[in-house]
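Chain by chain, the residues:
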Amino acid sequence: MKKQLLLVVLITAFLKGYAQLSIVSPTYPGSVGLFDLFEVSFALGTSYSNPYDPDTILVYALFYGPDNSVHKVDAFYYEGYSFQKVSNYEEATPHPENNGWKIRFTPTCTGLWSFKIMAQDHHGATTQSPATGIRPYTFTSVENADGFISKANSRFLKRDIISSGVRQYHSFFPIGPDVSWYGYIGSFAQPKGIYDYEKYVDSLNGRANYMRVFLCRYQALSLYGPEYTQTDLNGNPVVYFDNTINQKDSAELDYIVTYAKQHGISIMPCVFSSGDFNTQNNLDASDPSIWKNNPFNTILELDTPCDFFTDSRAKKTTKNLFRYIVSRWGYATNIMAWELWNEVDHMFGMCEGYKHIEQDVIEWHDEMCDYIRYLDPFNHLVSTSLGSGSLYSYMRYEVNELLDFVQFHRYEYIQNAESRNQLLKRLFNKVTENQTTHPTKPVFIGEFGFSQNDTVPTNLEKDPFGIDLHNSLWATFFSTSMGAGSFWWWPYVNQRGLYKHFAPLFAFSQNMPIPSNSFTPHHTGTVNGHVLEFPNHIQTYYMINGNEDTIFGWSQDTAFAYQSLRWLTDNAHYESTQWGLILRFIRNSVFDPAGYVYTLNTNKKPAPSSSSNLITIPITNQPVGNGYMIQWYDSETGHILLSGSPNYATVQQDASGNKYVSFQFPSTIRNLQQQVITNKFGDAVFRLVLNSIPHKETFEQ
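First, a word on scope: everything that follows refers to the structure included in this document. (Residues numbered from 1 in each chain as written. Predicted model: local features only at pLDDT ≥ 70, side-chain atom pairs only at ≥ 80, totals over all residues. Heavy atoms only, no water.)

### Points about the overall build of the protein chain
Spelled out, the test is: Numbered from the N terminus, helices here are DSSP runs of H or I no shorter than four residues, and strands are runs of E no shorter than two. To get the radius of gyration, use the C-alpha atoms; to get the globule rule, take the number of residues to the power 0.38 and multiply by 2.2 Å. We call a residue buried when its accessible area falls under 20% of the maximum for its residue type, exposed when it is over 50%, and partly exposed in between, using a 1.4 Å probe and counting protein chains only. Note on contacts: a residue pair qualifies if any of its non-hydrogen atoms lie within 4.5 Å across the two residues. Each accessible area is a Shrake-Rupley result for a 1.4 Å probe, and residues are judged covered by the shown protein chains and nothing else.
When its secondary structure is counted, the protein chain shows 15 helices and 36 strands. Its C-alpha atoms give the protein chain a radius of gyration of 28 Å, within 12% of the compact-globule value 27 Å for 701 residues. Put simply, the protein chain has 701 residues, and 56% of those count as buried. If you take every contact in the protein chain between residues at least 6 apart in sequence, the share linking residues at least 24 apart comes to 72%. Element-wise, carbon and sulfur atoms account for 50% of the exposed surface of the protein chain, whose accessible area totals about 28200 Å².

Okay, here's the thing in structure tokens:
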């Protein structure tokens, strides 16, 4: 009898444990704008040891749209924080009274929506709100803003827009720099935080539409790892991992995403970086983001960094992290893509001597891409970036094929003097390489710039006005990459006030419809020994569609190529290397510190490099005699040039039967009569349209 009574007591207690699972006091707005955030806040009747693990507690909502669509959206645990600036650094204040659960959703069409919240815990207890039989909560979506970003075709992106009840798609060309982390003042315990990002976003406002943000920088924004503004009883940084996520930094990201959207900036968050798994700098205590401080090492106790890709505990922890990220920020229309890894190929160096991880990396990406796509109701793009680490080609191919777009990084050493090594040409050719290997994937230059270390001159020293930045942006924009290359050295951009270089591309792109995937990239140069030669010393990078009825491009007097301007200023010599003689600039030997590259002094500006303004582009698919309307654009504003060269050109044929179209660079910029260049960079942007009427395949309809 006592045993039966004890069993009844235990069962009763167990059932009470079930009864504790409840959804308490959901609050939400009655209406929300189209493509705006609809947020539900509520509490659960009990707490859980790991609110980030769906095997412990799973909470989600089902949203029912006026178009009969159904969307499943995971809820997430939330802790309240506010921020204030103290002596130019960020101070965070927790607000535990605001702790609880949230659901974030974005309505994708206008009309009456309804939803219900579901929950299930590890005991098997379930509940829903409202209760069965009661009408679901409702809200009305009204027309408002731009929507989500997605692939338009195998080359370019588009953005969903609904205007006057009609769904449309506009082009989206990501234009902007990496802004991967914020700085700090004096110590990691004094971060600049959201105020650094405010500064960057304000500077990009109206000039760009994109930036990249790391979520794994322990001394800056990181969802897991050491938090240097908080210490434990021993004075060490609090470490977040697995059953904890850094809620202070999550609140920072909330602010950054919202602030960026208000200013027209989309974001690509990057979740992992190979630097955080770096085993080569374990003795460098000044760098927090290394394997020595990585919780996959310190807490999960993985034997080596390469076990990250195969260990079942590591994969579960990673999935829970991805789930949290998608749940909390998947609502945002200004999330361009989820970037799983920064330079994952560099992990090969971390695993050298342990094992070959090619297949492990492929299978990890396959599993995680599928998981994120399962979680994300809004189908954000998924990518990973590759650097220059040693990587078997089959593995590079297999990983890229799993992603929505191919992303690479490219740097050139600033001391290279050979014109064939100019950064913009290397970037342009690398895009073509990747498109050939992955013809169904858009290509993006996720990072580019000059390589820099203790022995290499800095951008600030050798290119203070961002001449190479300006040139590389325009050349990559017409490489048929999905946007202009994203420049890495954002502190240099900020210190020199070079945000203006993004503005003309952004202005130009605003008036471009979505190009079709038949566009291919070309330039007019040929390699001759150590020199890249262009006819009439005018370098032209352009893209042309398959029917050849539309051509977009950028042309520049070669005297304004970065290497050419350095020739006017810095000494150079041939250096013997394993690749033969390489032409190098002498690092500290500047014989004209007042030269144009350093001053933009008009008196130091080079004159036109030839006596002809003629530009010639080969034509294959158009008959002789067909004509193109020509429009030139200012490279420093992106706006139409109202005067310049003749505005019409016809297809011609030479004695060998080769067809071409020739037209004149604007004489108002490259004035041959007076032997002067009238703008800063000796360049201009053009558009040629056959008979001024684009054919159907020119743009997506």
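Back to the write-up after that little detour.
### Overview of the sheet that holds strand 11 (residues 149-151)
The criterion, for reference: DSSP calls a pair of strands paired once it identifies at least 2 bridges connecting them. Note on definitions: angles span 0 to 180 degrees between N-to-C directions of axes, and those axes are lines fitted to C-alpha atoms, for helices only across the stretch in contact.
As summarised here, the arrangement of the 3 strands in space is 11-12-13, forming an open sheet in which the pairing is antiparallel. The sheet terminates laterally at strand 11 and strand 13 (166-172), the two strands that pair on one side only. Taking each pair of neighbouring strands and ignoring which way they run, the sheet shows an average axis angle of 40 degrees. Relative to strand 12 (residues 157-163), strand 11 runs antiparallel, the two sharing 3 bridges. Residue Ser 150 lies in a different strand from strand 12, and its bridge partner there is Lys 158.

### Some remarks on the packing of aromatic side chains
Test applied: A pair of aromatic rings is counted whenever rings of Phe, Tyr or Trp (Trp by its six-membered ring) have centres within 6.5 Å, and the orientation is called stacked for planes under 30 degrees apart, edge-to-face for over 60 and tilted otherwise.
Applying the stated rule across the entire model yields 79 aromatic pairs. Each ring, one from Tyr 52 and one from Tyr 324, has its centre 5.3 Å from the other, and the planes form 80 degrees; the classification is edge-to-face. Taken as a pair, Tyr 52 in the loop between strand 3 (38-44) and strand 4 (57-64) and Tyr 324 in helix 5 (residues 312-329) lie far apart in primary sequence, 272 residues in all. Neither residue differs from the other here; Tyr 52 and Tyr 324 are each classed as buried. Connected via pairs of aromatic rings, a cluster forms that spans Tyr 218, Tyr 224, Phe 241, Phe 272, Phe 277, Trp 291, Phe 296, Phe 308, Phe 309, Phe 322, Trp 341 and Trp 364.

### Remarks on the layout of surface pockets
Heads up, the rule is: A pocket here means an open set of points on a 1 Å grid, computed over the protein atoms alone, that has protein on both sides within 12 Å along at least five of seven lines. A cavity is instead a set of points where a 1.4 Å probe fits but cannot get out; residues with an atom within 4 Å of a point line either one. Grid points are joined across faces, edges and corners, and a volume is the space filled by probe spheres set on the points. Amino acids are sorted into nonpolar (Ala, Val, Leu, Ile, Met, Phe, Trp, Tyr, Cys and Pro), charged (Asp, Glu, Lys and Arg) and polar (every other residue, Gly among them).
As a volume, the second largest pocket reaches approximately 470 Å³. As for the second largest pocket, its lining consists of 22 residues, and the residues nearest its centre are Asp 146, Arg 159, Ser 171, Phe 172 and Gln 510. Sorting the residues of the lining of the second largest pocket by element identifies strand 12, strand 13 and helix 13 (503-510) as the ones contributing at least two each. In terms of residue count, the dominant contributor to the lining of the second largest pocket is strand 13 (4 residues). Tallied by class, residues from the lining of the second largest pocket come to 10 nonpolar, 9 polar and 3 charged.

### A closer look at the nonpolar core
Just so we agree on the cut-off: In this description, a nonpolar core means a group of buried Ala, Val, Leu, Ile, Met, Phe, Trp, Tyr and Cys residues linked to one another through side-chain atoms lying within 4.5 Å.
Core analysis: the largest hydrophobic core is formed by 149 residues, its most contacted members being Phe 42, Phe 63, Met 211, Phe 272, Phe 296, Trp 341 and Phe 477. Looking at this core element by element, the count peaks at 8 residues for helix 7 (residues 358-375). In this view, Met 211 contacts Pro 177, Val 179, Tyr 197, Val 201, Leu 204, Ile 256, Ala 260, Ile 265, Ser 266, Ile 267 and Met 268; residues no more than four positions away in its chain are not counted. By size, the runner-up hydrophobic cluster in this structure holds 21 residues, among which are Ile 617, Trp 632, Val 651 and Phe 686.

### Overview of the sheet that holds strand 31 (residues 627-633)
Strand order in this open sheet of 8 strands is 23-26-27-36-31-32-33-30, and the pairing throughout is antiparallel. Bordering the open sheet on either side are strand 23 (520-523) and strand 30 (614-619), each of which pairs with just one other strand. Adjacent strand axes in the sheet meet at a mean angle of 25 degrees, parallel and antiparallel pairs treated alike. Across 6 bridges, the pairing between strand 30 and strand 33 (residues 659-664) is antiparallel. Opposite Pro 618, over in strand 33, you have Tyr 660 as the bridge partner. Its contacts with the sheet put helix 9 (residues 423-437) on strand 23, strand 26 (538-544) and strand 27 (550-557), and the angle it makes with strand 23 is roughly 145 degrees. Helix 11 (residues 467-477) rests against strand 26, strand 27 and strand 36 (683-690) of the sheet, and its axis sits at about 160 degrees to strand 27.

### Quick notes on the packing of helix 3 (residues 247-262) against helix 5
We count it as follows: Any angle that falls under 35 degrees is termed roughly parallel, while one over 145 is termed roughly antiparallel, one within 65 to 115 roughly perpendicular, and all others oblique. The hand of a helix crossing depends on one turn: near helix anticlockwise from the far one by less than a right angle means left-handed, and clockwise means right-handed.
Between helix 3 and helix 5, whose axes approach to 11 Å, the crossing angle comes to 40 degrees. It follows from the interaxial angle that helix 3 and helix 5 lie oblique. Classified by chirality, the crossing of helix 5 by helix 3 is right-handed. Of the residues in helix 5, those touching helix 3 at Gln 247, Ser 250, Ala 251, Leu 253, Asp 254 and Val 257 are Tyr 324, Arg 328 and Trp 329. A breakdown of the residues in the contact of helix 3 with helix 5 according to their chemical character gives 5 nonpolar, 2 polar and 2 charged.

### Some points on the pairing of strand 17 (residues 266-273)
Taking burial as the measure, the 8 residues of strand 17 include 8 buried ones, the bulk of the element. One ladder, built from 3 bridges, connects strand 17 with strand 18 (residues 337-342); its direction is parallel. Across the sheet, the residue bridging to Phe 272 is Trp 341, located in strand 18.

### Things to note about empty space enclosed by the protein
This structure, assessed with the given rule, holds 7 cavities of 30 Å³ or more. The calculated volume of the largest cavity comes to roughly 70 Å³. Lining of the largest cavity is provided by Tyr 224, Phe 241, Asp 242, Thr 244, Ile 245, Phe 296, Thr 317, Asn 320 and Leu 321. Examining the composition of the lining of the largest cavity, we find that 3 residues originate from one element, helix 5, more than from any other. The residue makeup of the lining of the largest cavity, split by class, is 5 nonpolar, 3 polar and 1 charged.

### Describing the pattern of salt bridges
Oppositely charged side chains are able to pair whenever their charged atoms sit close together. Note the threshold: Any Lys or Arg side-chain nitrogen found within 4 Å of a carboxyl oxygen on Asp or Glu counts as a salt bridge.
Applying the stated criterion across every chain yields a total of 30 salt bridges. Measuring nitrogen to oxygen at the nearest pair gives 3.3 Å for the salt bridge that ties Lys 72 to Asp 74. With a shortest N-O distance of 2.8 Å, Glu 367 and Lys 319 are connected by a salt bridge. Here Glu 367, found in helix 7, pairs with Lys 319, found in helix 5; they are 48 residues apart in sequence, far enough to count as distant. The exposure class of Glu 367 is partly exposed, given its relative accessible area of 27%.

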